[in-house]
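Understanding the architecture of this molecule
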Amino acid sequence: RSFIVPEGVKGFASDFMRGTQVVERFELSEGLISIGNNSFDIEKECHCVFANCSLPEVVIPQSVQEIGNFAFGHSQIDMLQIPATLHSPYGRQFKDSHIRKLRLPKEWKDDVELGDYNELRLKGHRFNDERYGYLRCPSTTIETLEFY
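Residues numbered from 1 in each chain as written. Predicted model: local features only at pLDDT ≥ 70, side-chain atom pairs only at ≥ 80, totals over all residues. Heavy atoms only, no water.

1. A few points about unusual backbone geometry
Counted only if it meets this: Only runs of H or I of at least four residues qualify as helices and only runs of E of at least two qualify as strands under DSSP, and these elements are numbered from the N terminus. When accessible area is computed with a 1.4 Å probe and restricted to protein chains, residues below 20% of their type maximum are described as buried, those above 50% as exposed, and intermediate ones as partly exposed.
A positive phi angle, close to 55°, is found at Asn52, a residue other than glycine. Within the secondary structure, Asn52 sits in the loop between strand 3 (34-35) and strand 4 (54-59). Within the chain, Asp96 stands out as a residue other than glycine whose phi angle is a positive 60°. Inspection of the secondary structure assignment puts Asp96 in the loop between strand 6 (76-81) and strand 7 (98-104). Exposure remark for Asp96: the relative accessible area of 29% places this residue in the partly exposed category.

2. Notes on the pattern of salt bridges
Stated formally: Just to be clear on terms, a salt bridge is a Lys or Arg side-chain nitrogen sitting within 4 Å of an Asp or Glu carboxyl oxygen.
Evaluation of the coordinates by the stated rule reveals seven salt bridges. Of the charged contacts in the structure, one is a salt bridge between Arg100 and Asp78, with a shortest N-O distance of 2.2 Å. You can see Arg100 sitting in strand 7 and its partner Asp78 sitting in strand 6, a full 22 residues away along the chain. A salt bridge links Arg103 to Glu146; the nearest nitrogen and oxygen atoms lie 2.8 Å apart. Separated by 43 residues along the polypeptide, Arg103 in strand 7 and Glu146 in strand 10 (residues 141-147) bring together distant segments of the chain. Judged by relative accessible area, Arg103 falls into the partly exposed class, the value being 21%. Owing to a relative accessible area of 29%, Glu146 belongs among the partly exposed residues under this scheme.

3. Quick look at the nonpolar core
Worth spelling out the cut-off: Throughout, nonpolar core names a set of buried Ala, Val, Leu, Ile, Met, Phe, Trp, Tyr and Cys residues whose side chains join them through atoms within 4.5 Å. Every residue pair with non-hydrogen atoms within 4.5 Å of one another is taken to be in contact.
Grouped together as the largest cluster of nonpolar side chains are 32 residues, with contacts concentrated most on Leu28, Ile35, Phe50, Ile60 and Phe72. When residues in this core are grouped by element, the largest group, three residues, is from strand 7. Discounting residues that sit within four places of it in the chain, Phe72 has contacts with Ile35, Phe50, Ala51, Leu55, Val58, Ile60, Ile67, Ile77, Gln93, Phe94 and Ser97.

4. Some words on the sheet that holds strand 6
Each strand in a sheet pairs with its neighbour through backbone hydrogen bonds, running either in the same direction (parallel) or in the opposite one (antiparallel). Going by this rule: Strand pairing is defined by DSSP finding a minimum of two bridges between the two strands. Axes, fitted as lines to C-alpha atoms, cover a helix only where it is in contact. Angles between the N-to-C directions of the axes lie from 0 to 180 degrees.
In space, the four strands of this open sheet follow the order 4-6-7-10, with parallel pairing throughout. Each edge of the open sheet is held by one strand with a lone partner, namely strand 4 and strand 10. For this sheet, the mean angle separating the axes of adjacent strands, direction not counted, is 10°. In the sheet, strand 4 pairs with strand 6 via five bridges, with the strands oriented parallel. Residue pairing in the sheet places Val58 in a bridge with Leu80 of strand 6.

Quick look at the structure:
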């Protein structure tokens, strides 16, 4: 019913929670460095850590430096909050996922908007994979967008 990461955990193994339904509480602790890469071998990518999951509120901690490919792929997420510090060269962390509410840092308000098909689009800027790549997969749908 709940998933709470204790302090001291730095990352997760591949397929760690794949296909799990969390209904009450999903909490990632500050100090977590990687979601989707093996913290003991940062060169080896691990995929699908929380793929095919149903998750309530997901707040990515400021300490997270990377979210690996397909880490939250094919998932249903009620609310996802991303910190301004997270940058990613990928575009498939949330591939084929449905996010009911996406919360982004207020400094991004002039840069992003929801497109005609509920995808995240950049407003009047060149495509910037480094800053927004992890949310730009066309198959990722977002119902509402808000800023904190």
